[in-house]
Amino acid sequence: MEQFNIQEYLDSGVIELYVFDQLSEAEREAVEKLAAQYPEIQNEIAEVENAMGAYHTMEGLTPPDYILSNILAETAALPAITTAPDPSLKEVKALPRKSVAWLPIAAAVVGLALAGWMFMEKQTAQLNADKLQQELWALRSKEQDCAKDLAFADKQLTILRQQEGNKRVVVKNIDATKKQPIAAVYWNQSQRFAHLDLIDLSYPGSGKQYQLWAFVEGQAAPVSIGVVSWEDIQKGVISFKFDQKPAAFAISLERFGGSPTPTDVRGASAPLENIKG
């Protein structure tokens, strides 16, 4: 009797089918009997099992059942080689029908399919992680904006409600057909601050700025308190330090940077002496 060809048996693909649990009970018993007799076969079984287990260990992923079943269904349709069996394999009567020359190719296809599936899973997981990271950054940005808005609102309350001595003066449109309030000035005599609050002023236009004025007793011309930053006034009250004592306020539209004297007055207030509070 010729010696049993272990390498040819290992190359037949039966070990892979054994690990994939695709053999009948009799075929499995035949493989296990040979594995007990030949350490090379036992080692090959361990290596294939370890290789398949590495997918789970390294990636933490479980391939779906359809991958293996689809591949085996396709390979089962391949034609078998009709050459006579090797006499050296007479002892291996339980070799499966599929243990022909194409089985190593099928095993390779299974490995490639698993690798491809795992690659797609990793790509999907990475895309999901990137999306979650972007959403986290967006939430953090919103959180920072909310914190800024809250701090600004607290500052506004301090200016308008918590400071003693504020006197609210309404600046009305000088257009006789309108006369509606366009702004309010909170004048604090003790601290010498004028806090301007926008009520109904339209965008000044490119190259233009609103300017706040004070009528001061003893002076014929209005005195400039300061130009209004349109970006800042959109956020809330803006404050101007003014050391003189105003009798009334006015707002004009000027070229960007302001003017030494008002040229386009848009609104004026009543005298402070006529306003309570």
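## What about the sheet that holds strand 7 (residues 246–255)?
Here eight strands make up an open sheet; going across it, the order is 5-4-7-8-1-2-3-6 and the pairing antiparallel. Looking along the sheet, the strands with just one partner apiece sit at the ends: strand 5 (223–227) and strand 6 (238–241). Averaged over all pairs of adjacent strands, the angle between strand axes in this sheet comes to 25 degrees, irrespective of strand direction.

## Thoughts on the packing of aromatic side chains
Under the counting rule described, the total for this entry stands at four aromatic pairs. Pairing tryptophan 187 with phenylalanine 242 gives two aromatic rings, centres 6.3 Å apart and planes at 70 degrees, and the pair type is edge-to-face. Placement of the pair is tryptophan 187 in strand 2 (residues 181–188) and phenylalanine 242 in the loop between strand 6 and strand 7, with a sequence separation of 55 residues. In this pair, the class of tryptophan 187 matches that of phenylalanine 242, namely buried. Seen in terms of ring centroids, tyrosine 210 and tryptophan 230 are 6.1 Å apart; in terms of plane orientation they differ by 40 degrees. Their pairing is tilted. Linking tyrosine 210 in strand 4 (residues 208–216) with tryptophan 230 in helix 7 (residues 230–235), this pair joins segments that are 20 residues apart in sequence. This pair shows no difference in class: tyrosine 210 is buried, exactly as tryptophan 230 is. Put simply, the rings of Trp187, Phe242 and Phe249 pair up and form one aromatic cluster.

## A look at the pairing of strand 4
By the criterion of burial, strand 4 is predominantly enclosed, with seven of the nine residues buried. In this sheet, strand 7 lies alongside strand 4 in antiparallel orientation, the contact comprising nine bridges. Along strand 7, the bridge assignment pairs glutamine 209 with glutamate 254. In textbook terms, the turn of a hairpin is the stretch between consecutive antiparallel strands, and for strand 4 and strand 5 this stretch comprises six residues, one of which, glycine 218, has a positive phi near 90 degrees.

## Section: unusual backbone geometry
Residues apart from glycine generally show negative phi values, whereas peptide bonds are mostly found in trans. In this model, aspartate 21 sits at a positive phi of 60 degrees, which is unusual for a non-glycine residue. Mapped onto the fold, aspartate 21 is located in the loop between helix 2 (14–19) and helix 3 (25–37). A relative accessible area of 51% places aspartate 21 in the exposed class. Positive phi is not limited to glycine here, since arginine 192 has a value of about 60 degrees.

## Examining the environment of glutamate 27
Secondary-structure assignment places glutamate 27 in helix 3. Residue glutamate 27 is classed as buried on the basis of its relative accessible area, which comes to 17%. Here the alpha-carbon distance between glutamate 27 and valine 14, two residues 13 residues apart in the chain, equals 9.3 Å. At 2.8 Å, the side chain of glutamate 27 forms a polar contact with the backbone nitrogen of serine 24.

What counts and what doesn't
Residues numbered from 1 in each chain as written. Predicted model: local features only at pLDDT ≥ 70, side-chain atom pairs only at ≥ 80, totals over all residues. Heavy atoms only, no water. Pairing = 2+ DSSP bridges. Helix = DSSP H or I, 4+ residues; strand = E, 2+ residues; numbered from the N terminus. Axes fitted to C-alpha atoms, helices over the stretch in contact; angles between N-to-C directions. Phe/Tyr/Trp six-rings, centres within 6.5 Å; stacked < 30°, edge-to-face > 60°. Buried < 20%, exposed > 50% of the residue type's maximum accessible area, 1.4 Å probe, protein only. Polar contact = N/O pair within 3.5 Å; in protein donor to acceptor, adjacent residues only side chain to side chain.

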